[in-house]
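# Breakdown of the fold
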Amino acid sequence: QKGLFSSACAIDTLGDAVYVLDGVRGSITCFEPSTYGAAVLSAMKLYQQGEYAASESIWRELLQRNYHLELAYDGIGKALLAEGKYQESLDSFKQANDVYWYSKAFQSYRVEAVRKVIGPVLIGAAVLIILFMVWSKVIRKKLPQREKQQTPISMALDTILHPIAGFEEIRYRRKYSAGFAIGILAAWFFLEVIAHQYTAFIFNGHKPDSINVLLILASTAALFFVLIFVNNALATFMDGESTLKQLWISCAYALMPMILLRVVGIVLSYALCSEEGVFLIILTIVAWGWTFWNIVCALQTMQQYTFPKTLANILLTVVGLVIVLFIGFLFFSLLQQVGSFIRTVFDELMLWQ
């Protein structure tokens, strides 16, 4: 058959044609571009020659033949970028799934956008600063001073910056809100869904149609409660003094730095290019480090442990989590095998009828 070889020993190009030498048959086979392939090569050559408008028109004709041709979207994006149409090129690079050129186009678009809004933004910031100074130095002093009442929600917010004092209030004065703690866990779950779907294209490695809500739920709220139950079980052997309710509420409060900085990270992803992604990495490290410290303070205060004993408790909790997950995996694996056995027996019985 034409195009098949016994032993291809050499390959070379001449123009747009590709020649293949077969060492056994002693033949040379020539492959020439189809009409479709010739159009792709022509568009690439026109772009390299600086004829961006001409190459863009060919790419758009190719899209009418193949709507999913990422190479065409990439070529259109490069042509638009060379013409200074930055915003339009962003859409094309996104369709092409080309993060590198999307970031390059975004850098140029960001410079252009900042130049347009820098004046009004600076004026607005100056006005806000002046109004704040007038409020704090003139108007606020004339208003009657009211004693600040501390509510369970305000106490939860205080634990962000003053974790030890906040968790002591929760333990000794019972200033906590179970509803607010549930809201924190719900916010964590929904934020992970939002991050999966709406993080900026440059930093989002997920496809919108690949989301698994159950997996996200299992890795957030479900995992949290498993850790709480494991830690509470260990506390009975390590002389812990916290109740289960105080433990899960205080640990939920400890998640607030991570949740707040997660929001900042999602918003910030729309203002950074790929070369500046290190800032998001630093923000993530700070968020988890801050959250871990709050969890240490929560466990130390609630369980009345020393700092070394608290760290040992956390380490044992992680080990316990691994054991629980392993047992759970074995259990579900056994259920699948039993279900498969029952289906097989049912199919056999149906065949006998």
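Only a predicted model underlies this, so the values are computations on that prediction, with no experimental measurement involved. (Residues numbered from 1 in each chain as written. Predicted model: local features only at pLDDT ≥ 70, side-chain atom pairs only at ≥ 80, totals over all residues. Heavy atoms only, no water.)

### As for the pairing of strand β1 (residues 8–14)
Spelled out, the test is: Throughout, exposure labels follow a simple rule: accessible area from a 1.4 Å probe, protein chains only, divided by the maximum for the residue type, with under 20% read as buried, over 50% as exposed, and the rest as partly exposed. A run of H or I in DSSP becomes a helix once it reaches four residues, and a run of E becomes a strand once it reaches two; helices and strands are each numbered from the N terminus. Strand pairing is defined by DSSP finding a minimum of two bridges between the two strands.
Across the seven residues that make up β1, only a small minority, zero, are buried. Taken together, the six bridges between β1 and strand β2 (residues 17–22) define a ladder with antiparallel strand orientation. From the neighbouring strand, D12 faces β2, where its bridge partner is Y19.

### Topic: the layout of surface pockets
We apply this condition: Grid points spaced at 1 Å over the protein atoms alone were grouped into cavities, where a 1.4 Å probe fits but cannot get out, and pockets, open sets with protein on both sides within 12 Å along at least five of seven lines, with lining residues defined by an atom within 4 Å of a point. Grid points are joined across faces, edges and corners, and a volume is the space filled by probe spheres set on the points. By the convention adopted, Pro, Cys, Tyr, Trp, Phe, Met, Ile, Leu, Val and Ala count as nonpolar, Lys, Arg, Asp and Glu as charged, and the other residues, Gly among them, as polar.
By volume, the largest pocket amounts to about 700 Å³. Taken together, 27 residues form the lining of the largest pocket, with K94, N97, A200, F201 and P208 sitting closest to its centre. Counting residues per element, the lining of the largest pocket draws most heavily on helix α4 (residues 86–95), which supplies five residues. Per-class residue counts for the lining of the largest pocket are twelve nonpolar, ten polar and five charged.

### Points about the packing of aromatic side chains
Inclusion rule: Stacked, edge-to-face and tilted labels apply to pairs of Phe, Tyr and Trp rings (six-membered ring for Trp) whose centres lie within 6.5 Å, assigned for plane angles under 30 degrees, over 60, and everything in between, in that order.
A full pass over the atoms with the stated rule returns twelve aromatic pairs. Put simply, the rings of F93, Y100 and W101 touch in pairs and so form one group of aromatic residues.

### Digging into the sheet that holds strand β3 (residues 27–31)
Rules: Axes here mean lines fitted to C-alpha atoms, for a helix over just the part in contact, with angles spanning 0 to 180 degrees between N-to-C directions.
Sheet architecture is open: three strands sit in the order β1-β2-β3, paired in antiparallel fashion. The open sheet has two edge strands, β1 and β3, and neither has a second partner. Across the sheet, the mean angle separating the axes of adjacent strands is 20 degrees when strand polarity is ignored. Strand direction decides the pairing type here: β2 and β3, joined by five bridges, are antiparallel. Of the residues in β3, the one forming a bridge with L21 is I28.

Purely geometric stuff here, so don't read any function into it on its own.
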